[in-house]
Amino acid sequence: MNTKTKDMALIAVMTAVIAVLAPISLPIVGEVPISLATLAVMLGGVVLGSKKGAAAAALYLVLGAIGIPVFAGYSSGAGILFGMTGGYLFGYIPLAYISGLFYEKAKSNKTVAAFIGMIVGTVVLYILGTIWFIAVTKMNLAGAMMACVVPFLPGDLLKMVVVAAIAPQLAKVPALRNANAAA
């Protein structure tokens, strides 16, 4: 299989992984549910690399925007993508890119690099999402942080640990070997 075809297949498979995991959500008090989306997006960045991971996240957003129920709670549509949580959804692209970039640039201890990349990517996601949330809801910063960031910190940390633990194992899979090489 040529490299371009393999890359497209890997992006499609990772998009499918995100689309399968992201709708699984737990509603909490407030407007933003806890879902497995960020776990899948971080995994895509680390396993596929910055560009392909970001491409998978972007393709996932397109699927949701055109009406395929892949967003949290099996929702979809442009209304969700451009609604109050849209900034977090768009934040998946830099989350995947940054997570992958740290991993692929690491000279040693890729697990630590992946973890740091996921932290930095999550901070960017929180910033983008919270600014968007405030713009749409007119909520103040403290309220937005309590609704959209603080409740998610423990779960996102756990997701990072899971991705950092399984990424080295996935790197051994022949089809994924060197998938995260910078393109």
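Remember, predicted model here, so these are calculated numbers, not experimental data.

### Observations regarding the overall build of the protein chain
A count of helices and strands for the protein chain gives nine helices and two strands. Across the protein chain, helices and strands are ordered from the amino to the carboxyl terminus as α-β-β-α-α-α-α-α-α-α-α. By principal-axis analysis of the C-alpha atoms, the protein chain measures approximately 50 × 35 × 25 Å. Out of the 183 residues belonging to the protein chain, those deemed buried represent 43%. Long-range contacts, defined here as pairs at least 24 residues apart, represent 67% of the contacts in the protein chain between residues at least 6 apart. Carbon together with sulfur atoms contributes 76% to the accessible area of the protein chain, which is approximately 8800 Å² in total. Mean positive and mean negative side-chain charge positions of the protein chain (11 and 4 charges, respectively) differ by 12 Å.

### Some points on the side chain of Ser-99
Within the fold, Ser-99 resides in helix α6 (residues 92–105). What makes Ser-99 buried here is its relative accessible area of 0%. In this structure, Ser-99 is in contact with Met-42, Gly-45, Val-46, Gly-117 and Met-118, ignoring residues within four places of it in sequence.

### A look at the layout of surface pockets
As a volume, the largest pocket reaches approximately 410 Å³. Lining the largest pocket are 26 residues; nearest its centre among them are Val-32, Pro-33, Ala-72, Thr-85 and Tyr-92. Looking at the lining of the largest pocket, the elements with two or more residues in it are β2 (34–35), α2 (37–48), α4 (78–81), α5 (86–90), α7 (110–137) and α9 (153–170).

### Topic: the packing of helix α3 (residues 50–65) against α6
The angle between the axes and the distance between the axes are what describe a pair of packed helices. α6 packs onto α3 with a crossing angle of 165 degrees between their chain directions and a minimal axis gap of 7 Å. In terms of orientation, α3 lies roughly antiparallel with respect to α6. Crossing angle aside, the handedness with which α3 passes α6 is right-handed. Between α3, through Ser-50, Lys-51, Gly-53, Ala-54, Ala-57, Ala-58, Tyr-60 and Leu-61, and α6, the contact on the second element is made entirely by Tyr-92, Ile-93, Ala-96, Tyr-97, Gly-100, Leu-101 and Glu-104. When its residues are assigned to classes, the contact of α3 with α6 shows ten nonpolar, three polar and two charged.

### Section: the confidence of the model for the protein chain
Reading fine detail from the predicted coordinates is not recommended where pLDDT is low. Per-residue confidence for the protein chain gives a mean pLDDT of 92; residues scoring 70 or more make up 95%. Confidence scores differ between elements of the protein chain, with strand β1 (residues 25–26) showing the lowest mean pLDDT of 81 and α3 the highest of 98.

What counts, and at which threshold
Within every chain, residues take consecutive numbers counted from 1 along the sequence as written. Totals for whole chains, interfaces and linings use all residues, but because this is a predicted model, local features are given only for residues with pLDDT of at least 70 and pairs of side-chain atoms are given and counted only at 80 or more. As a rule here, side-chain values come from all non-hydrogen atoms in the structure, and water together with hydrogens is ignored. Helical segments are the DSSP runs of H or I of at least four residues, strand segments are the runs of E of at least two, and each set is numbered from the N terminus. For the exposure calls, accessible area comes from a 1.4 Å probe over protein chains only, and a residue counts as buried if that area is under 20% of its type's maximum, exposed if over 50%, partly exposed in between. Whether two residues are in contact is decided by their heavy atoms, any of which lying within 4.5 Å being enough. For the accessible areas, the method is Shrake-Rupley and the probe is 1.4 Å, while residue cover comes only from the protein chains on display. Think of it this way: Lys and Arg go in the positive column, Asp and Glu in the negative one, and His and the chain ends go nowhere. A charge is said to be at NZ when it belongs to Lys, at CZ for Arg, at CG for Asp and at CD for Glu. Here a cavity denotes a set of grid points, spaced 1 Å apart and computed over the protein atoms alone, in which a 1.4 Å probe fits but from which it cannot get out, and a pocket denotes an open set meeting protein on both sides within 12 Å along at least five of seven lines; residues with an atom within 4 Å of a point are reported as lining. Grid points are joined across faces, edges and corners, and a volume is the space filled by probe spheres set on the points. To define axes, lines are fitted to C-alpha atoms, for helices over the stretch in contact only, and angles between the resulting N-to-C directions are given on a 0 to 180 degree scale. Oblique is the label for any angle not under 35 degrees, not over 145, and not in the 65 to 115 range, which are roughly parallel, roughly antiparallel and roughly perpendicular in turn. Left-handed describes a crossing whose near helix is turned anticlockwise from the far helix through less than a right angle; right-handed describes the clockwise counterpart. Following the grouping adopted for this structure description, the nonpolar residues are Ala, Val, Leu, Ile, Met, Phe, Trp, Tyr, Cys and Pro, the charged ones are Asp, Glu, Lys and Arg, and the polar ones are all others, Gly among them. Known as pLDDT, the predictor's confidence for each residue is given on a scale from 0 to 100.

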